[in-house]
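Residues per chain are reported as follows:
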Amino acid sequence: MAFPMLYFASEAVIPVRSSPQESAEMETQLIFGETCLCLEQIPSWWKIRVSDDNYEGWVNPRMLLKIPEETLLQTTDWRYVINGSLKMNDGSVMRLPLGARIPETPDHIIRVNGQTWRIQPDLESLANQHAHNKIDVARLFMNTPYLWGGKSGYGIDCSGLTQQVFRMCGIQLPRNASQQAGTGMEIDFEERDSGDLVFFSKPNQNKITHVGILSSKDSVIHSSGKVREDIFDKKGILHRENGELTHQLVIIRRW
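First, a word on what this report is: a plain description of the structure on this page. (Residues numbered from 1 in each chain as written. Predicted model: local features only at pLDDT ≥ 70, side-chain atom pairs only at ≥ 80, totals over all residues. Heavy atoms only, no water.)

1. Looking at the pattern of salt bridges
Inclusion rule: Counted as salt bridges are all cases of a side-chain nitrogen of Lys or Arg within 4 Å of a carboxyl oxygen of Asp or Glu. Here's how the labels work: a residue is buried when its accessible area is under 20% of the maximum for its type, exposed when over 50%, partly exposed in between, all with a 1.4 Å probe on protein chains only. Each helix is a run of H or I in the DSSP string that is no shorter than four residues. Each strand is a run of E no shorter than two, and both are numbered from the N terminus.
Counted according to the given criterion, the structure contains 17 salt bridges. With its nearest N and O atoms 3.7 Å apart, the salt bridge here joins arginine 17 to glutamate 22. Classification of arginine 17 by relative accessible area gives buried; the value is 15%. Across the pair aspartate 52 and arginine 101 runs a salt bridge, and its minimum N-O distance is 3.3 Å. In this pair, aspartate 52 sits in the loop between β5 (45-50) and β6 (56-59) while arginine 101 sits in strand β11 (residues 101-103), placing the two residues 49 residues apart along the sequence. Since its relative accessible area comes to 6%, arginine 101 is described here as buried. Linked through salt bridges whose partners overlap, the residues forming this network are Glu34, Asp52, Arg101, Lys151 and Arg167.

2. Notes on the pairing of strand β21 (residues 226-232)
Going by this rule: Criterion used throughout: strands pair if DSSP finds at least two bridges between them.
Pairing of strand β20 (residues 219-224) with β21 involves 6 bridges; the strand directions are antiparallel. Across the sheet, residue serine 219 finds its bridge partner in β21, namely isoleucine 231. Of the strand pairs in this sheet, β21 and strand β22 (residues 236-238) are connected by 2 bridges, and their pairing is antiparallel. By the bridge assignment for β22, isoleucine 231 is matched with leucine 238.

3. Points about the nonpolar core
Rules: Nine residue types can take part in a nonpolar core, namely buried Ala, Val, Leu, Ile, Met, Phe, Trp, Tyr and Cys, and a core is a set of them joined through side-chain atoms within 4.5 Å.
Residues Phe141, Val165 and Ile213 are the most contacted members of the largest nonpolar core, which totals 25 residues. If you list the elements that add at least two residues to this core, you get α1 (134-140), α2 (158-168), β18 (197-201) and β19 (210-216). At 5 residues, the largest contribution of residues to this core is made by α2. Counting residues in hydrophobic clusters, the runner-up holds 16 residues, among them Ile67, Ile110, Val112 and Ile119.

4. Some remarks on the packing of aromatic side chains
Rules: Each pair of aromatic rings taken from Phe, Tyr and Trp, with Trp reduced to its six-membered ring, is defined by centres within 6.5 Å and is described as stacked if the planes are under 30 degrees apart, edge-to-face if over 60, and tilted in the remaining cases. By definition, being over a ring means that NZ of Lys or CZ of Arg is both within 6 Å of the ring centre and within 35 degrees of the ring normal.
Throughout the structure, instances matching the rule amount to 7 aromatic pairs. Both rings, one in tyrosine 7 and one in tryptophan 46, keep their centres 4.8 Å apart while their planes meet at 65 degrees; by these two values the pair is edge-to-face. In this pair, tyrosine 7 sits in strand β1 (residues 5-9) while tryptophan 46 sits in strand β5, placing the two residues 39 residues apart along the sequence. A residue is classified by how much of its surface remains accessible, and tyrosine 7, at 5% relative accessible area, is buried. Consider the rings of phenylalanine 8 and tryptophan 117, whose centres lie 5.6 Å apart with planes at 40 degrees: the pair is tilted. A residue pair is termed long-range when its members are at least 10 positions apart, and phenylalanine 8 in strand β1 and tryptophan 117 in strand β13 (residues 115-119) qualify at 109 residues. Grouping residues by exposure puts phenylalanine 8 and tryptophan 117 together as buried. Over the aromatic face of phenylalanine 166 sits the side chain of lysine 134, whose NZ or CZ is 5.2 Å from the ring centroid.

Below, the structure written as structure tokens:
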């Protein structure tokens, strides 16, 4: 077959692994409604590239559906799920995580290559647009457990959180913190404001390993253990309960 081909993530959450085996590290995820390109096939595994951020890894192909060229899923009219469910062909219900996306459809039915999902009345969603307040969107993820490679309301890492918040506000960021730190405009500490991204290293180091979003000049929402809000100052992140410096500030950037 010819490569690459476009595919639709047809499960609530799909692990994207570093190598073609179930025991391999999960580096990121495909969330329902995302698309990817198939780059390579071996028995039971496909190497894919996520369409939005070009991240590559290995997935179980049974969780993907080929997107016909004539499909309406090429639309940019997406909505992002806050919570709710879809009804599948067999009558079963699939709950979607916070951050999944669904295309705008006039009849509330999603159709991809013979599979249909009926959007249920309990589904709440958010239009994809720049007008959303980033802090309001970030607060939707509060107390979501930390998960390395995660980027949904079922579990999320630090850069997955900032990527999803910005994406739900109409801005596409790279996947990893170090990559995100290379985009946007650098901001002086004194000019910081809510909605800016702040990048950190471990104390006494300088390699960027963490990212959060300023909820005010003096507080930051980030994923560390869980999505939480801590104190922010010129040194970095101070744990709200014990005052410990947990992450050292490296740079502030704005979009």
